[in-house]
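Residue strings, one per chain:
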Amino acid sequence: MQTESLVGGGGSGGPRSFGEMLADIRREKGVLGLWAGYSASLVLTLNPSITFFLQQMLTKSLVARQGWDDDDDAAPGVTFVLAAVSKVIATVVTYPFQIAKTRAQVSPAPVERDEGEDLTEGNAGKENKKAEAEAEPEKGLAKSVRSLADETIFATVARIGRDEGFRALYDGMSSELLKAFFSHGITMVAKDAVHKLLFRLYFAILAYLRRHPRTRARLTQAASNLSDGLRDGYLKVTAAKADRWRRSKEAITTNLLDGGQPRIIVR
């Protein structure tokens, strides 16, 4: 739906509604078209896994070679390079599936024809094909299964490589690699910086509380009062509910003993 809105939403009639886009996709590709590119999304979840696996492996190898105590000894520049290189390798591995995903979402599904079929057949030929498909349900089911298999992400990648060449699978990859290199490298450097800042802030607060016991006592008392207040409020609410159900049960029992109809009375 997102790809459909980006590709086909800018017509002269203004932006289309969700229902209109849904109907267009169903009319062009069928119900399964709503999940076009989903198999690619599953494969692309490997990208972050490969990225962090390679980053951890490269970092541990560098730590062991340099004789550092842990990963925190790595300079920000080293962290940037390792993270960026890991992301670039993962992008190179999964980029063909990104291309295939875009093709599956935007391009119409390829139409399969039997050998010897005339490409210029008319309506009569189509009606004959339809009649044959109805007469042979098993053959139609086999063709449907084969069609679903041909629409998987792996079949799409193979078809692009066979029809357009291997280089078509990496068309436009240079800009994607440049974005991945800087974005992931900067992200990991920022993450390490925030991680270290939070640790320093935590120990700074602990040191301050040790030097100021009165402040620590006030904070401890405030936390204790808050915990007691929450516990008392919970107990009051629970007791009130139990009392209401008890009175309702008593009212039902009394009403049944008097020969009336049961009524639930909740006050």
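Residues numbered from 1 in each chain as written. Predicted model: local features only at pLDDT ≥ 70, side-chain atom pairs only at ≥ 80, totals over all residues. Heavy atoms only, no water.

According to the stated counting rule, one finds eight aromatic pairs in the structure shown. Ring centres of Phe80 and Phe182 lie 6.4 Å apart, and the angle between their planes is 50°; on these two criteria the pair is classed as tilted. Residue Phe80 is located in helix 5 (residues 76-106), and its partner Phe182 is located in helix 9 (residues 173-211); the two are separated by 102 residues in the primary sequence. The class of Phe182 is partly exposed, set by a relative accessible area of 41%. (Phe/Tyr/Trp six-rings, centres within 6.5 Å; stacked < 30°, edge-to-face > 60°. Helix = DSSP H or I, 4+ residues; strand = E, 2+ residues; numbered from the N terminus. Buried < 20%, exposed > 50% of the residue type's maximum accessible area, 1.4 Å probe, protein only.)

Note that Tyr95 resides in helix 5. Between the C-alpha atoms of Tyr95 and Glu176, which are 81 residues apart in sequence, the distance is 8.7 Å. Residues in contact with Tyr95, not counting those within four places in the same chain, are Leu169, Tyr170, Asp171, Gly172, Met173 and Glu176. (Contact = heavy atoms within 4.5 Å.)

Here we come to the UniProt feature "transmembrane region" (unreviewed entry) in the protein. If you check UniProt for "transmembrane region" (unreviewed entry), the listed places come out as residues 31-54 and 74-97 in our numbering. For residues 74-97, helix accounts for 92% and strand for 0%, while the C-alpha atoms at its two ends are 33 Å apart. (UniProt positions renumbered as here; feature names shortened; annotations may be inferred.)

Counted according to the given criterion, the structure contains six salt bridges. A salt bridge links Asp192 to Lys191; the nearest nitrogen and oxygen atoms lie 3.1 Å apart. One salt-bridge network, in which partners are shared between bridges, spans Asp243, Arg246 and Arg247. (Salt bridge = Lys/Arg side-chain N within 4 Å of Asp/Glu carboxyl O.)

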